[in-house]
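These are the residues of each chain, in order.
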There are 2 protein chains.
Amino acid sequence: MQYPEPIAKLIDSYMRLPGIGRKTAIRLAYFTVTMNKDDVSMFANALKETKQLLKYCSICGDLTDENPCAICQDGQRNQSELLVVEQPKDVMVMENMKNYHGLYHVLHGVLSPMDGKGPEELNIKSLLKRLQSNENIKEVIVATNATPEGEATAMYLAKLIKPAGIKVTRLAHGLSVGSDIEYADEMTLSRAVSGRTEM
Amino acid sequence: MQYPEPIAKLIDSYMRLPGIGRKTAIRLAYFTVTMNKDDVSMFANALKETKQLLKYCSICGDLTDENPCAICQDGQRNQSELLVVEQPKDVMVMENMKNYHGLYHVLHGVLSPMDGKGPEELNIKSLLKRLQSNENIKEVIVATNATPEGEATAMYLAKLIKPAGIKVTRLAHGLSVGSDIEYADEMTLSRAVSGRTEM
């Protein structure tokens, strides 16, 4: 016996999502049957609308339903700071912190020669253009991930941008707040020591 | 800053799925944006169709897109055995084993007084009617889960059905194939000993 066709298709669709294997997809598909009808059509519409209505902001590269995006349009934000992130979702991670009020630029990846990702594949050209045409920007904060690729990309950007006389900074490395020294890895601990601050 | 509206709605929908928290929902929503457009509309359609086209078989209670379901319609199946499961998804678990060729009956739950689930809430009445009207059925195999509720439901069904002279059996308990005795829990081991078979 095969799964009824609609279920088989739905299992297949769920399995295309990252981190969802066959068993989970089956569980989700059967769960969908028990869901409220309105919730299911809301879900289906949200999927379609996400794909239809969202585009990348022509200025910063973030995902948005209006172009330029709300942040790029907002004159109240600090126009002198530009924070560079790898992915659109990182913008919201920063915004949720509620402690940064400047602008953003989304690279859409990191330098990764092994995966064939060079500077051309990233949103770097538009970053340089933006810095050239906008004299308000005094500091570029590179907030790529603390991975080897993220670090390399940060170094690369710093080399490109610094000659223009713009300050380039990188997020601090150190202990997670609330964490035990005992469980910190050696690299993190070493960075925490070298980056120690006066009390 | 808020998430763009389509993304916010999609995060909300993903969060309604079991086992998917906010962080995972955000990851899935942003992944959706990067998906192929056709894949997204296939996904949306599969959701809607699953909800629209699937119903419960009026005979066995399994999920199906035709009524009666393919198994109930199939005269080739062994009409003398009826296997009782808790949920529609359990039917496919049994079918995937490819070693059972009889009929099914889906209870849609187990007896669980704490959750207000009594015999009235389960698909038991239709099971009894089916046994009364169909003299071919010689054995009812109760394949509820090996949980306290599953066991209680099995006992309850056995008490109801046995007086009609129909054989009622329960899936065997014992060691998982390929498992170490060392890691089996005491209850399982005890059942494996009491249910030992001659070699």
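Remember, it's a predicted structure, so these values are computed and weren't measured experimentally.

How each quantity is defined
- Residues numbered from 1 in each chain as written.
- Chains lettered and ligands numbered in written order.
- Predicted model: local features only at pLDDT ≥ 70, side-chain atom pairs only at ≥ 80, totals over all residues.
- Heavy atoms only, no water.
- Core = buried A, V, L, I, M, F, W, Y, C linked by side-chain atoms within 4.5 Å.
- Buried < 20%, exposed > 50% of the residue type's maximum accessible area, 1.4 Å probe, protein only.
- Helix = DSSP H or I, 4+ residues; strand = E, 2+ residues; numbered from the N terminus.
- Contact = heavy atoms within 4.5 Å.
- UniProt positions renumbered as here; feature names shortened; annotations may be inferred.
- Pairing = 2+ DSSP bridges.
- Axes fitted to C-alpha atoms, helices over the stretch in contact; angles between N-to-C directions.
- Right-handed = clockwise from strand over helix to strand, strands pointing away.
- Domains from an automatic or database assignment.
- Buried area = accessible area lost by both parts, 1.4 Å probe.
- Salt bridge = Lys/Arg side-chain N within 4 Å of Asp/Glu carboxyl O.
- Polar contact = N/O pair within 3.5 Å; in protein donor to acceptor, adjacent residues only side chain to side chain.
- Nonpolar A, V, L, I, M, F, W, Y, C, P; charged D, E, K, R; others polar.

Q: Report on the nonpolar core, specifying residues and quantitative values.
A: Core analysis: the largest hydrophobic core is formed by 44 residues, its most contacted members being I7, Y14, F43 and L47 of chain A together with Y14, F43 and L47 of chain B. Sorting the residues of this core by element identifies helix 1 (5-15), helix 2 (22-34) and helix 3 (37-53) of chain A together with helix 1 (5-15), helix 2 (22-34) and helix 3 (37-53) of chain B as the ones contributing at least two each. For Y14 of chain B, the contacting residues outside a window of four places in its chain are L17, F43 and L47 of chain A together with I20, A25, L28, A29, T32 and F43 of chain B.

Q: Any details on the UniProt feature "zinc finger region: C4-type" (unreviewed entry) in chain A? Residues and values, ideally.
A: Mapped onto this numbering, the UniProt entry gives "zinc finger region: C4-type" (unreviewed entry) at residues 57-72 of chain A. Along residues 57-72 of chain A the backbone is 19% helical and 12% strand, and the end-to-end C-alpha distance reaches 8 Å.

Q: Give me the lowdown on the sheet that holds strand 5 (residues 139-142) of chain A, citing residues and values where you can.
A: Residues and elements named next belong to chain A. One open sheet accounts for 4 strands, arranged 4-3-5-6; its pairing is parallel. The sheet terminates laterally at strand 4 (103-106) and strand 6 (167-170), the two strands that pair on one side only. Across the sheet, the mean angle separating the axes of adjacent strands is 25° when strand polarity is ignored. Examined bridge by bridge, strand 3 (residues 81-85) and strand 5 share 4 bridges and lie parallel to one another.

Q: Could you give me a rundown of the pairing of strand 4 of chain A, with the residues and numbers involved?
A: Residues and elements named next belong to chain A. Burial along strand 4 is two-sided: L103 and H105 and Y104 and V106, pointing in opposite directions, are all buried. In terms of strand pairing, strand 3 meets strand 4 through 4 bridges, oriented parallel. Of the residues in strand 4, the one forming a bridge with L82 is L103. Taken together, strand 3, helix 5 (residues 88-97) and strand 4 form a β-α-β motif whose crossover is right-handed.

Q: A description of the domain arrangement of chain A should follow, citing residues and the corresponding values.
A: According to the domain assignment, chain A consists of domain 1 (5-53) and domain 2 (77-170). Centre-to-centre, using C-alpha coordinates, domain 1 of chain A lies 35 Å away from domain 2 of chain A.

Q: Could you give an account of the sheet that holds strand 4 (residues 103-106) of chain B, with specific residues and numbers?
A: Within a sheet, neighbouring strands are paired by backbone hydrogen bonds and run either parallel or antiparallel to one another. Residues and elements named next belong to chain B. If you walk across this open sheet you meet the 4 strands as 4-3-5-6, and the pairing is parallel. The open sheet terminates on both sides in strands that have one partner only, identified here as strand 4 and strand 6 (167-170). The average angle at which neighbouring strand axes cross in this sheet is 25°, direction not considered. Across the face of the sheet, helix 6 (residues 124-133) comes into contact with strand 3 (81-85), strand 4 and strand 5 (139-142) while running at roughly 150° to strand 4. Seen against the sheet, helix 7 (residues 148-161) touches strand 3, strand 5 and strand 6 and runs at an angle of roughly 170° to strand 6.

Q: Tell me about unusual backbone geometry, and please be specific about residues and values.
A: The peptide bond linking N67 of chain A to P68 of chain A adopts the cis configuration, its omega dihedral lying at 0°. Despite not being glycine, H108 of chain B shows a phi value in the positive range, around 60°. Within the secondary structure, H108 of chain B is located in the loop between strand 4 and helix 6.

Q: How would you explain the interface of chain B and chain A if you had to name every residue and give the values?
A: Every contact between the two is made by 53 residues of chain B and, on the other side, 53 residues of chain A. Interface of chain B and chain A: buried area, both sides summed, is about 5,100 Å²; carbon and sulfur atoms make up 74% of it. When residues of chain B are sorted by the area they lose upon contact with chain A, M1, L47 and K51 of chain B head the list and together hold 14% of the total. Between the two partners, chain B and chain A, sit 4 salt bridges. For K9 of chain A, the salt bridge is made with E49 of chain B, and the minimal N-O distance between the two is 3.6 Å. Where chain B meets chain A, there are 8 residue pairs in polar contact (both at pLDDT 80 or more). Elements that contribute at least two residues to the side of chain B that touches chain A include exactly helix 1, helix 2, helix 3, strand 2 (63-64), helix 4 (70-73) and helix 5 (88-97) of chain B. Broken down by element, the residue count for the side of chain B that touches chain A peaks at 15 residues, all from helix 3 of chain B. Per-class residue counts for the side of chain B that touches chain A are 30 nonpolar, 10 polar and 13 charged.

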